[in-house]
Amino acid sequence: MTETATHLASLYALFCAALTPAESVVYDPDFSDSTQNWLACLDDLGVPLQVRGTTSVRVGEAVPVFPVKEMEIMDDPVLVRLLGGLSLLSGDPLLIHGGPKLRHHSFAKLFEVLEALGVGVEAENGEYLPVRLTRRRPITAGTIVALSPEAAREAGDALLLTAPALPFGLVLRPENNDLFQRVLLPCLTVMKTFGARVFEERDGLVAVSPGGYRPAVMTIPRMLATSLH
């Protein structure tokens with residue numbers, strides 16, 4: 001499916017809002033089938049939601065520990081990435097199933113990055129859905145994640161979005177910083193709206209500080225389409 005900046009910003013804003021310590025509101029989100037699927041996932045994870053027509057979503061206080069769940073993702077690989085990010089926050093396993101359109105979609109790069117960060121990955125042929133993700137060890141202070149251009153596309157947003165909720169934050173080292181910034185601009189914009197502290201170092205490192213997100217009211221702008229592929 002086409003990944004427009006407006007659609008991505010909607011998913012990212014709902015992700016950030018789900019990790020804030022108090023209620024946040026997202027106005028004018030993209031209410032596509034994919035966004036509805038993501039709302040269903042958050043609801044299954046115990047995130048309090050109030051959907052008001054097609055104008056806004058109120059997201060309640062963050063869930064401290066996401067319970068064991070099985071998720072069904074219909075056709076949007078972005079949602080698999082976001083759930084992969086959440087697997088870094090909980091020691092409980094997360095089982096992700098995919099609809100027919102994702103049956104032959106490879107998540108090899110995402111799974112490779114998650115495994116390097118201590119997540120156990122039990123996937124069909126090592127790269128396809130269904131997959132069981134289980135955090136086996138916490139991320140330690142000083143961890144630096146090297147990202148190839150392919151890994152930045154397939155896992156960059158999940159790592160950035162999850163990083164503020166990690167005890168020590170996270171430092172990323174993209175091989176191509178210009179590509180990283182261009183691909184992940186909607187993600188970085190949304191994160192900063194929710195109070196995330198992201199720093200670009202002189203040596204090309206991108207550091208995300210710990211401390212979580214703060215509640216926010218965000219209106220999703222009608223952005224130009226952008227492609228992550």
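Up top you'll find the structure we're talking about.
Residues numbered from 1 in each chain as written. Predicted model: local features only at pLDDT ≥ 70, side-chain atom pairs only at ≥ 80, totals over all residues. Heavy atoms only, no water.

Description of the packing of aromatic side chains
Point 1. Applying the stated criterion across every chain, the model contains two aromatic pairs.
Point 2. Pairing F15 with W38 gives two aromatic rings, centres 6.3 Å apart and planes at 5°, and the pair type is stacked. Of this pair, F15 sits in helix α1 (residues 5-18) while W38 sits in helix α2 (residues 33-44), and the two are 23 residues apart along the sequence. Each member of the pair, F15 as well as W38, carries the same accessibility label: buried.
Point 3. Aromatic pair F107 and F111: ring centres 6.0 Å apart, planes at 35°, arrangement tilted.
Point 4. Overall, F111 belongs to the buried group, its relative accessible area being 2%. (Phe/Tyr/Trp six-rings, centres within 6.5 Å; stacked < 30°, edge-to-face > 60°. Helix = DSSP H or I, 4+ residues; strand = E, 2+ residues; numbered from the N terminus. Buried < 20%, exposed > 50% of the residue type's maximum accessible area, 1.4 Å probe, protein only.)

Considerations on the side chain of S209
Point 1. Mapped onto the fold, S209 is located in the loop between β11 (206-208) and β12 (217-219).
Point 2. Relative accessible area serves as the criterion here: at 18%, S209 is assigned to the buried category.
Point 3. Those residues in contact with S209 that lie beyond four places of it in its chain are A163, P164, G169, R197 and F199. (Contact = heavy atoms within 4.5 Å.)

Remarks on the pairing of strand β9 (residues 170-174)
Point 1. Here β9 shows a buried face lined by L170, L172 and P174 and an unburied face lined by V171 and R173.
Point 2. In this structure, strand β8 (residues 144-147) lies alongside β9, joined through four bridges in parallel fashion. Of the residues in β9, the one forming a bridge with A146 is R173.
Point 3. Handedness of the crossover is the feature at issue here: the chain leaves β8, passes through helix α5 (residues 149-162), returns alongside β9, and the resulting connection is right-handed.
Point 4. Two strands pair when backbone bridges link them, and β9 and β11 are joined in this way by three bridges, in the antiparallel orientation. Counted as the bridge partner of V171 is A207 from β11. (Pairing = 2+ DSSP bridges. Right-handed = clockwise from strand over helix to strand, strands pointing away.)

Describing α1
Point 1. Between the first and last C-alpha of α1 there are 20 Å, a value that for 14 residues agrees with the 20 Å anticipated at 1.5 Å per step.
Point 2. For α1, a buried count of 14 out of 14 residues is recorded, marking the element as mostly surrounded by other parts of the structure. (Expected span 1.5 Å × (residues − 1).)

Observations regarding the packing of α1 against helix α3 (residues 77-86)
Point 1. Where α1 contacts α3, the axes come no closer than 11 Å and their chain directions differ by 20°. Taken together, the axes of α1 and α3 lie roughly parallel to each other. For the crossing formed where α1 meets α3, the hand is right-handed. Seen from α1, the contacting residues are L8, L11, Y12 and F15; seen from α3, they are V78, L79, R81, L82 and L86.
Point 2. Here the contact of α1 with α3 is built from residues that sort into eight nonpolar, no polar and one charged. (Axes fitted to C-alpha atoms, helices over the stretch in contact; angles between N-to-C directions. Parallel < 35°, antiparallel > 145°, perpendicular 65-115°, else oblique. Left-handed = near helix turned anticlockwise from the far one by under 90°. Nonpolar A, V, L, I, M, F, W, Y, C, P; charged D, E, K, R; others polar.)

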